[in-house]
Amino acid sequence: MIRWIFKWTKRLVLLLVLLVIGLLLPVGYNELSCIPKTKDSTYTAILPPEHHRSEARTLMTYPEWHIVHAYDDYAQVISTGDPHEFGYLSAIGGFWSSLCELSFASADHGGIDWETKRMVYVIGVSFTAELLAKAAYEETLGRLATLARGEQRAPLDELSAEQARAYAAFLQQVPWFKWDFDRDRAALLDQATDTLRDVERAAALGSEYKVKAAYARVIADAVAEVGPDELSLRMVVSGLDAEALQAFDGVTVIGARSQGVEIETPRYRVLTNLLMEMAGQGAEFVEIAGNDDIMFTALSQSKTAEDALHSFPRQGYGDNRHLVMVKIADLAERLRQMQAATGPDRLRLEHIHDY
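Fair warning: this is a prediction, and the values are worked out from it, not measured in the lab.

**Side note on the sheet that holds strand 8 (residues 348–353)**
Turning to step 1, where the next piece is worked out: Here we have four strands laid out as an open sheet, ordered 6-7-5-8, and antiparallel in their pairing. Each of the sheet's edge strands pairs with one partner strand only, and the pair in question is strand 6 (308–313) and strand 8. Sheet twist, expressed as the mean angle between neighbouring strand axes with direction ignored, is 25 degrees.
Turning to step 2, where the next piece is worked out: Bridge count between strand 6 and strand 7 (residues 320–327): five bridges; the pairing is antiparallel. Opposite Pro313, over in strand 7, you have Asn320 as the bridge partner.
Turning to step 3, where the next piece is worked out: Together, strand 5 (293–300), strand 6 and strand 7 form the strand contacts of helix 4 (residues 88–105), whose direction differs from that of strand 6 by roughly 175 degrees.

This is how it looks when you write it as structure tokens:
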């Protein structure tokens, strides 16, 4: 009996070691093969150092948003289909392939500091592990449950799709660990019928939500200790006077400079909508967070886009995402061009990546 326990313990340990190695392989590849030849920046910032953010962070914010987009793609797929139809490996591959391209691109923007790189690796490995686990279940037991269900979707198929859409929208502005997974789990249990598919969904998704709720509490406590990231940033804008800028929701005018007006704005998704609105009213962007380059993502039917650092298809939408780097001085004009463009191949702004 002891020999049997020892034998299976060794096998379990070996399996865990292989799983860890497998999860860390993309990190090793990125470290060994995606090495930028860093160049020193020659740009002289307008804003004082306390309002600077590393320019390479405009590139390194994308991996986090890739995960946000993956959840949105997943929600889109299961709105009419089933979870096993989502390309889990494609979503994982998109994370690591885009990170490699962005690592190369960071060479012209001071390179990536280790703290940021470590954070990206941690979320990348977590994302990979989560999707592999979800794929392993949905491609086996989950698929069998849909076969037993037939073509008619069960109540919890619809509810889980609604939850996925709401979660994807929530992530556009708020960190994932603030989502109420316990509420979603309670809703599943409350609305489940006695059909096989509903019982299976309540058990599978309920377990997933329970684990995520516990992990979210751990992350929330960790963030509380180190403090959240800044929720606003400074920029210099020309083309509009202080009174016009103050009229935009969320904008605080700091004061006049020779190059324009210094303002403070919210970050994240709110900033994307704000910059588009300001550009539409004639604003020109001089500097953002002490930088002269910024990245945005845009969508189109075309597989490629001019000046794109990286392009790849979205799941569930039938179009493509493009990662584009642009000089901040040219950003307003690019936004106006996208607003005015027509036709199936036109670029549609998705998100402006701050720092």
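There's more to say after this.
**Description of the packing of helix 7 (residues 181–191) against helix 8 (residues 196–226)**
The packing of two helices is summarised by the inter-axis angle and the distance between the axes.
Turning to step 1, where the next piece is worked out: The contact between helix 7 and helix 8 brings their axes to 8 Å, and the two run at 165 degrees. The orientation of helix 7 with respect to helix 8, classified from their angle, is roughly antiparallel. For the crossing formed where helix 7 meets helix 8, the hand is left-handed. In this structure, helix 7 uses Phe181, Asp182, Asp184, Arg185, Leu188, Leu189 and Gln191 to contact helix 8, whose residues at the interface are Asp198, Arg201, Ala202, Leu205, Gly206, Tyr209, Lys210, Lys212, Ala213, Ala216 and Arg217.
Turning to step 2, where the next piece is worked out: Of the residues that constitute the contact of helix 7 with helix 8, the class distribution is eight nonpolar, two polar and eight charged.

**Details of unusual backbone geometry**
Turning to step 1, where the next piece is worked out: Of note in the backbone geometry, Ala289 takes a positive phi value of approximately 55 degrees without being a glycine.
Turning to step 2, where the next piece is worked out: Checked against the element boundaries, Ala289 lands in the loop between strand 4 (284–288) and strand 5.
Turning to step 3, where the next piece is worked out: Take Ala289: its relative accessible area is 0%, and that puts it in the buried class.
Turning to step 4, where the next piece is worked out: Non-glycine residue Asp307 carries a positive phi angle of around 70 degrees.
Turning to step 5, where the next piece is worked out: Accessibility expressed as a relative area gives 51% for Asp307, which makes it exposed.

**Description of the confidence of the model for the protein chain**
Turning to step 1, where the next piece is worked out: Averaged over every residue, the pLDDT of the protein chain is 93; the share at 70 or more is 97%.
Turning to step 2, where the next piece is worked out: Summarising per-element confidence for the protein chain, the mean pLDDT is lowest in helix 1 (residues 2–33) (78) and highest in strand 4 (98).

**Concerning the packing of aromatic side chains**
Turning to step 1, where the next piece is worked out: Scanning all chains against the criterion turns up 13 aromatic pairs.
Turning to step 2, where the next piece is worked out: Centre to centre, the rings of Tyr167 and Phe181 are 5.5 Å apart; their planes meet at 65 degrees, and the pair counts as edge-to-face. Of this pair, Tyr167 sits in helix 6 (residues 155–170) while Phe181 sits in helix 7, and the two are 14 residues apart along the sequence. The two residues Tyr167 and Phe181 agree in class, both being buried.
Turning to step 3, where the next piece is worked out: With 6.3 Å between their ring centres and 85 degrees between their planes, Trp176 and Phe177 make a pair best called edge-to-face.
Turning to step 4, where the next piece is worked out: Taken together through their ring pairs, the aromatic side chains of Tyr71, Tyr167, Phe170, Trp176, Phe177, Trp179, Phe181, Tyr209 and Tyr215 make up a single cluster.
Turning to step 5, where the next piece is worked out: The aromatic ring of Trp179 is capped on one face by Arg183, whose charged end is 4.8 Å from the ring centroid.

**Comments concerning the packing of helix 6 against helix 7**
Turning to step 1, where the next piece is worked out: It is at 10 Å that the axes of helix 6 and helix 7 come closest, and there the two elements cross at 165 degrees. In terms of their interaxial angle, helix 6 and helix 7 are classed as roughly antiparallel. The crossing of helix 6 and helix 7 is right-handed. Listed contacts from helix 7 to Pro155, Leu156, Leu159, Gln163 and Tyr167 of helix 6 are Phe181, Asp184, Ala187, Leu188 and Gln191.
Turning to step 2, where the next piece is worked out: Grouping the constituent residues of the contact of helix 6 with helix 7 by class yields seven nonpolar, two polar and one charged.

**Some remarks on the sheet that holds strand 4**
Whenever strands of a sheet pair, they do so through backbone hydrogen bonds, lying parallel or antiparallel.
Turning to step 1, where the next piece is worked out: Strand order in the open sheet made by the four strands is 2-3-1-4, with antiparallel pairing throughout. Of all strands in the sheet, those bounded by a partner on one side alone are strand 2 (252–257) and strand 4. Adjacent strand axes in the sheet meet at a mean angle of 30 degrees when their direction is disregarded.
Turning to step 2, where the next piece is worked out: The pairing of strand 2 with strand 3 (residues 260–266) spans five bridges and is antiparallel. Paired with Thr252 across the strands is Glu264, a residue of strand 3.
Turning to step 3, where the next piece is worked out: In this fold helix 10 (residues 268–280) packs onto strand 1 (232–238), strand 3 and strand 4, with an angle of close to 145 degrees to the strand it touches most, strand 3.

**Describing helix 7**
An α-helical segment advances 3.6 residues per turn. Residues three or four places apart therefore align on the same side.
Turning to step 1, where the next piece is worked out: Looking at helix 7, one finds that the buried residues are Phe181, Asp184, Ala187 and Leu188. Taken down its axis, helix 7 places every buried residue within 120 degrees of arc, on the same side. Across helix 7 from its buried face, at more than 90 degrees, point the exposed residues Leu189 and Asp190.
Turning to step 2, where the next piece is worked out: Taken together, the buried residues of helix 7 touch helix 6 and helix 8.

**Things to note about the state of the cysteines**
Each disulfide consists of one covalent bond between the sulfur atoms belonging to two cysteines.
Turning to step 1, where the next piece is worked out: Evaluated as defined, the whole model comprises one disulfide.
Turning to step 2, where the next piece is worked out: Between the sulfur atoms of Cys34 and its disulfide partner Cys100 the distance amounts to 2.0 Å. When the S-S torsion is -95 degrees, as for the bridge of Cys34 with Cys100, the disulfide is left-handed. Of this pair, Cys34 sits in the loop between helix 1 and helix 2 (57–60) while Cys100 sits in helix 4, and the two are 66 residues apart along the sequence.

Criteria and cut-off values
Residues numbered from 1 in each chain as written. Predicted model: local features only at pLDDT ≥ 70, side-chain atom pairs only at ≥ 80, totals over all residues. Heavy atoms only, no water. Pairing = 2+ DSSP bridges. Helix = DSSP H or I, 4+ residues; strand = E, 2+ residues; numbered from the N terminus. Axes fitted to C-alpha atoms, helices over the stretch in contact; angles between N-to-C directions. Contact = heavy atoms within 4.5 Å. Parallel < 35°, antiparallel > 145°, perpendicular 65-115°, else oblique. Left-handed = near helix turned anticlockwise from the far one by under 90°. Nonpolar A, V, L, I, M, F, W, Y, C, P; charged D, E, K, R; others polar. Buried < 20%, exposed > 50% of the residue type's maximum accessible area, 1.4 Å probe, protein only. pLDDT = per-residue confidence, 0-100. Phe/Tyr/Trp six-rings, centres within 6.5 Å; stacked < 30°, edge-to-face > 60°. Lys NZ or Arg CZ within 6 Å of the ring centre and 35° of its normal. Arc of directions from axis to C-beta. Disulfide = S-S within 2.5 Å.

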